[in-house]
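Chain by chain, the residues:
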Amino acid sequence: MSIDRKAAIAAYKERKTVAGIYVVRCAASGEAWVGQASNLETIQNRIWFSLRQGSHTCRRLQTAWNMHGEAGLTLGECERLKDEASDYVRNALLKERMLHWLSELTAEPI
């Protein structure tokens, strides 16, 4: 393995991720779905992939995708969490904030 590749792998493993709460909205139906992610930067790729495959676990979201397509859905950030030293604290805060945003946006959980 080359030194450049090792350095790239090491840099990838050391990168900081930003946890937070996101919302997926359907413009046509007005529906909204809220979820939590340990890495907000990669969540859209993960969700869109499962929707394209027809295998997303949230059936209503999958139905909206099937009816309106990729152009009909948008993903946005509700809140970014500050970096927490403890995974336990971060996970508890994610759950708490997700409940807040579900209520605030009258949305369904993902």
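Engineer: Outline the layout of surface pockets, listing residues and values.
Structural biologist: Empty space within the largest pocket amounts to approximately 200 Å³. Forming the walls of the largest pocket are Arg15, Lys16, Thr17, Val18, Ala19, Ser38, Leu81, Lys82, Asp83, Glu84 and Arg90.

Engineer: Just give me the short version of the packing of aromatic side chains, but keep the residues and values in it.
Structural biologist: Enumeration according to the criterion identifies one aromatic pair in this entry. Geometrically, the ring pair formed by Trp48 and Trp65 is edge-to-face, given 5.7 Å between the ring centres and 75° between the ring planes. With Trp48 in helix 2 (residues 43–53) and Trp65 in helix 3 (residues 59–68), the pair connects residues that are 17 residues apart, well separated along the chain. Its relative accessible area of 3% is what places Trp48 among the buried residues. The class of Trp65 is buried, set by a relative accessible area of 9%.

Engineer: Would you mind going over the sheet that holds strand 1 (residues 20–26) in detail, with residue names and values included?
Structural biologist: Working definition: the strands of a sheet are paired by backbone hydrogen bonds and lie parallel or antiparallel to each other. Taken in spatial order, the four strands line up as 3-1-2-4 in an open sheet, and their pairing is mixed. At either margin of the open sheet sits one strand with a lone partner, and together these are strand 3 (73–80) and strand 4 (108–109). Pairing analysis gives two bridges linking strand 2 (residues 32–37) to strand 4, with the strands arranged parallel. Counted as the bridge partner of Trp33 is Glu108 from strand 4. Lying on the sheet, helix 2 is in contact with strand 1, strand 2 and strand 3; it crosses strand 3 at an angle near 145°. Across the face of the sheet, helix 4 (residues 87–105) comes into contact with strand 1, strand 2, strand 3 and strand 4 while running at roughly 170° to strand 2.

Engineer: Could you give me a rundown of the pairing of strand 2, with the residues and numbers involved?
Structural biologist: Within strand 2, five of the six residues are buried, leaving the element largely enclosed by the surrounding structure. Alignment of strand 1 against strand 2, held across six bridges, turns out to be antiparallel. Residue pairing across strands places Tyr22 opposite Gly35, the latter belonging to strand 2. Linking strand 1 to strand 2, which pair antiparallel, is a turn of five residues; within it Gly30 sits at a positive phi near 80°.

Engineer: I'd love a proper account of the side chain of Glu79, names of residues and values included.
Structural biologist: Here Glu79 is to be found in strand 3. In this structure the side chain of Glu79 is engaged in a polar contact, spanning 2.7 Å, whose partner is the side chain of Trp101. Contact partners of Glu79, with chain neighbours within four places excluded, come to Ala19, Gly20, Ile21, Leu40, Arg97 and Trp101.

Thresholds, definitions, all that
The residue numbers shown here count from 1 along each chain, following its written sequence. Reporting of local features is limited, given that this is a predicted model, to residues whose pLDDT is at least 70; pairs of side-chain atoms are given and counted only at 80 or more, and all residues count toward the totals for whole chains, interfaces and linings. Values reported for side chains reflect all heavy atoms of the structure, with hydrogen atoms and water molecules removed beforehand. Grid spacing is 1 Å over the protein atoms alone, the probe is 1.4 Å, and a cavity is where that probe fits but cannot get out, while a pocket is an open set with protein on both sides within 12 Å along at least five of seven lines and lining residues have an atom within 4 Å of a point. Grid points are joined across faces, edges and corners, and a volume is the space filled by probe spheres set on the points. Here a pair means two rings of Phe, Tyr or Trp (six-membered ring of Trp) with centres within 6.5 Å. Their orientation is stacked below 30 degrees between planes, edge-to-face above 60, and tilted elsewhere. Per the convention used, a helix needs a DSSP run of H or I reaching at least four residues, while a strand needs a run of E reaching at least two, with both numbered from the N terminus. Each residue gets one of three labels from its accessible area relative to the maximum for its type: buried under 20%, exposed over 50%, partly exposed in between, using a 1.4 Å probe on protein chains only. Here, strands pair whenever DSSP counts at least two bridges between them. Residue contacts are counted whenever heavy atoms from the two residues lie within 4.5 Å of one another. For every element, the axis is a line fit to its C-alpha atoms; helices are fit only across the contacting stretch, and the angle between N-to-C directions ranges from 0 to 180 degrees. In protein, a polar contact means a hydrogen-donor-capable atom and an acceptor-capable atom, both N or O and within 3.5 Å, with residues adjacent in sequence counting only if both atoms are side-chain atoms; elsewhere, any N or O pair within 3.5 Å suffices.

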